[in-house]
Number of protein chains: 2
Amino acid sequence: MATEKLDTSTEPTVKLLIQQCISAKLQVKPPSADGIADGEFVTIEKGIVAYVSFLKSATVESVTRAANITLNVKLSYDEATSKLQSALDTNGDVLIIPQACLGGKLKGKSFQYHNLMAKDDSHALYQVYIDQCKQIMAANSVKSSLQHGTYGNRQVLSVVTNGPFTHVIDV
Amino acid sequence: MATEKLDTSTEPTVKLLIQQCISAKLQVKPPSADGIADGEFVTIEKGIVAYVSFLKSATVESVTRAANITLNVKLSYDEATSKLQSALDTNGDVLIIPQACLGGKLKGKSFQYHNLMAKDDSHALYQVYIDQCKQIMAANSVKSSLQHGTYGNRQVLSVVTNGPFTHVIDV
């Protein structure tokens, strides 16, 4: 397991939001326009939902750090030890959701998204983030499931929780 | 509708997280220990889920501003105008969830909550926030429903969305 310090205090490059869930379901392909084909979904059981947004200053290095934080931060209640453990420790499933809007700033009564990374670059970093999470889970021989949303799609999400225990992390 | 500028850029006093939902269900009273009485739940239909955390610096004034922002920020997609409108404009239901952990800070692999307001003071401000939201909705003769979690309880939440469209607001 990574031992490097996870916390950061400089200007954010990646915005992470982590919620705990009992189960979650996410549409990864919308129904066909002609209504013939249904939408396609992925599901996870007990674990974490990780929403991610990439700001202009995001780099492969900071995204790798974000993946590390996502899987190593101790936010999942472990019945066995009655302590908060990481998703890796608790073999929790992971559902990754691209959520660019997390990087928005309130201006008047609306949000502005000037600080977001450009779409294509952000899409590339989204893939880096997924791959890094997969690698960390494989390296820790974790058997749980990692699912992720389709970048650019509407993220039609349903979540069942025993308390979301929501945390925001600037990386 | 409030016309004052909503955005703030000073040190946060209240942390708000707003998600859009199609419906949401929240336990407001857990099942009885003897298992005889079931848990009690509140539900909302289409609208917003507003998670709130009060930091040490929160005041009645900043909490009033947070209530104003919650109901006036334009984050709800309005089918009629194909524009983003506020919960007030769209007659959206509102589910308020106390979520102190939103005010935590990552330190190493764990979170610290040193900047949170003390429990009793925070509970009092939570009530101010609910009352303010109710007043704003009444003043705008909005027919939609406002429900809220029980402060101090585990927030057993389920949400169905057509895209959470998650936004974090520091007030």
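Refer to the structure presented above.
Residues numbered from 1 in each chain as written. Chains lettered and ligands numbered in written order. Predicted model: local features only at pLDDT ≥ 70, side-chain atom pairs only at ≥ 80, totals over all residues. Heavy atoms only, no water.

**Student:** Can you tell me about the interface of chain B and chain A, naming the residues and giving the values?
**Tutor:** By a widely used convention, the size of an interface equals the accessible area lost when the partners come together. Residue-level contacts link 39 residues of chain B with 39 residues of chain A. When chain B packs against chain A, the two sides together hide about 3,400 Å² of surface, and 57% of this comes from carbon and sulfur. Ranking the residues of chain B by area buried against chain A places Leu106, Lys109 and Phe111 of chain B at the top, with a combined share of 19%. On inspection of chain B and its partner chain A, the count reaches zero salt bridges. Contributing elements (two or more residues each) for the side of chain B that touches chain A: strand E1 (14-21), helix H1 (60-72), strand E8 (105-107), strand E9 (110-112), strand E11 (157-160) and strand E12 (167-170) of chain B. For the side of chain B that touches chain A, the element with the most residues is E11 of chain B, which contributes four residues. Its residues assigned to classes, the side of chain B that touches chain A shows 21 nonpolar, 13 polar and five charged. (Contact = heavy atoms within 4.5 Å. Buried area = accessible area lost by both parts, 1.4 Å probe. Salt bridge = Lys/Arg side-chain N within 4 Å of Asp/Glu carboxyl O. Helix = DSSP H or I, 4+ residues; strand = E, 2+ residues; numbered from the N terminus. Nonpolar A, V, L, I, M, F, W, Y, C, P; charged D, E, K, R; others polar.)

**Student:** Can you break down helix H2 (residues 119-139) of chain B residue by residue, with the values?
**Tutor:** Residue and element names in this part refer to chain B. Its 21 residues place the ends of H2 30 Å apart at the C-alpha level, agreeing with the 30 Å of an ideal helix rising 1.5 Å per residue. If you check which residues of H2 are buried, you get Ser122, Leu125, Tyr126, Tyr129, Ile130, Gln132, Cys133, Ile136 and Met137. The buried residues of H2 occupy one face: seen down the axis, they fall within an arc of 160°. Exposed positions of H2 whose direction lies more than 90 degrees from the buried face are Asp120, Ala138 and Ala139. If you follow the buried residues of H2, they end up packed against E1, strand E4 (47-54), H1, strand E7 (93-98) and strand E10 (146-148). Positive backbone phi, at 40°, marks Ser141, one or two positions downstream of H2. (Expected span 1.5 Å × (residues − 1). Buried < 20%, exposed > 50% of the residue type's maximum accessible area, 1.4 Å probe, protein only. Arc of directions from axis to C-beta.)

**Student:** Describe the relation of the copies chain B and chain A, and please don't skip the residues or the numbers.
**Tutor:** Superposing chain B onto chain A takes a rotation of 180° combined with a translation of 0.0 Å along the rotation axis, leaving an RMSD of 0.0 Å. The superposition operator between the copies reduces to a two-fold rotation axis. No C-alpha of chain B lies nearer the rotation axis than that of Val159 of chain B, which sits 2.7 Å from it. A high fraction, 100%, of the interface residues of chain B reappear at the interface in chain A, so the copies pair face to face through one surface. (Least-squares fit on C-alpha atoms with pLDDT ≥ 70 in both.)

**Student:** So what's going on with the packing of aromatic side chains? Which residues, and what values?
**Tutor:** All names here are of chain A. One pass over the structure, following the stated rule, counts four aromatic pairs over all chains. With a centroid separation of 6.4 Å and 25° between ring planes, the pair formed by Phe111 and Tyr113 is classed as stacked. What makes Phe111 buried here is its relative accessible area of 10%. A cation over an aromatic ring shows up here: Lys25 above the ring of Phe41, its NZ or CZ 4.6 Å from the ring centre. (Phe/Tyr/Trp six-rings, centres within 6.5 Å; stacked < 30°, edge-to-face > 60°. Lys NZ or Arg CZ within 6 Å of the ring centre and 35° of its normal.)

**Student:** Lay out the environment of Met137 of chain B with the relevant residues and their values.
**Tutor:** All names here are of chain B. Along the polypeptide, Met137 turns up in helix H2. Residue Met137 is classed as buried on the basis of its relative accessible area of 5%. Here the alpha-carbon distance between Met137 and Val94, two residues 43 residues apart in the chain, equals 9.9 Å. Those residues in contact with Met137, other than ones at most four positions away along the chain, are Leu71, Leu88, Gly92, Val94, Val142, Ser144, Ser145 and Leu146.

**Student:** Lay out the side chain of Asp78 of chain B with the relevant residues and their values.
**Tutor:** Residues and elements named next belong to chain B. Note that Asp78 resides in strand E5 (residues 76-78). It is Lys46 that comes nearest to the buried, bridge-free Asp78 among opposite-charge side chains, at 7.0 Å. Side-chain polar atoms of Asp78 contact the side chain of Thr81, separated by 3.0 Å. When sequence neighbours within four positions are dropped, the list of residues in contact with Asp78 reads Lys83, Gln85 and Thr90. (Lys, Arg positive; Asp, Glu negative; His and termini not counted. Polar contact = N/O pair within 3.5 Å; in protein donor to acceptor, adjacent residues only side chain to side chain.)

**Student:** Please set out the packing of helix H1 (residues 60-72) of chain A against helix H2 (residues 119-139) of chain A residue by residue, giving values where relevant.
**Tutor:** Residue and element names in this part refer to chain A. Where H1 meets H2, the axes come as close as 9 Å, and the angle between the chain directions of the two elements is 45°. Between H1 and H2, the angle is such that the two are oblique. Considering only the axes of H1 and H2, their crossing is right-handed. For the pair formed by H1 and H2, the contact residues are Val60, Val63, Thr64, Ala66, Ala67, Asn68, Thr70 and Leu71 on the first element and Leu125, Val128, Tyr129, Gln132, Cys133, Ile136 and Met137 on the second. Partitioning the contact of H1 with H2 into residue classes produces eleven nonpolar, four polar and no charged. (Axes fitted to C-alpha atoms, helices over the stretch in contact; angles between N-to-C directions. Parallel < 35°, antiparallel > 145°, perpendicular 65-115°, else oblique. Left-handed = near helix turned anticlockwise from the far one by under 90°.)

**Student:** Give me the lowdown on the pairing of strand E1 (residues 14-21) of chain A, citing residues and values where you can.
**Tutor:** Residues and elements named next belong to chain A. Within E1, eight of the eight residues are buried, which leaves it mostly tucked inside the rest of the structure. Of the two faces of E1, the one lined by Val14, Leu16, Ile18 and Gln20 and the one lined by Lys15, Leu17, Gln19 and Cys21 are each fully buried. Pairing of E1 with strand E4 (residues 47-54) involves eight bridges; the strand directions are antiparallel. Along E4, the bridge assignment pairs Cys21 with Gly47. (Pairing = 2+ DSSP bridges.)

**Student:** Pulling in residues and values, what's your account of empty space enclosed by the protein?
**Tutor:** If you walk through the whole model with that rule in mind, you get one cavity of 30 Å³ or more. For the lining of the largest cavity, the elements supplying multiple residues, two or more each, are strand E11 (157-160) of chain A together with E11 of chain B. (1 Å grid on protein atoms, 1.4 Å probe; cavity = no way out; pocket = protein on both sides within 12 Å on 5 of 7 lines; lining within 4 Å. Points joined across faces, edges and corners; volume = space filled by probe spheres on them.)

**Student:** With reference to specific residues and values, describe the sheet that holds E7 of chain B.
**Tutor:** Residues and elements named next belong to chain B. The sheet built from five strands is open, its strands ordered E10-E7-E4-E1-E12 with mixed pairing. The open sheet terminates on both sides in strands that have one partner only, identified here as E10 and E12. Neighbour to neighbour, the strand axes of the sheet diverge by 20° on average, direction disregarded. Sheet topology places E1 next to E12; four bridges connect them, and they run antiparallel. Paired with Ile18 across the strands is His167, a residue of E12. Its contacts with the sheet put H1 on E1, E4, E7 and E12, and the angle it makes with E1 is roughly 20°. In the packing of H2 onto the sheet, contacts are made with E1, E4, E7 and E10, and the angle to E4 comes to roughly 150°.

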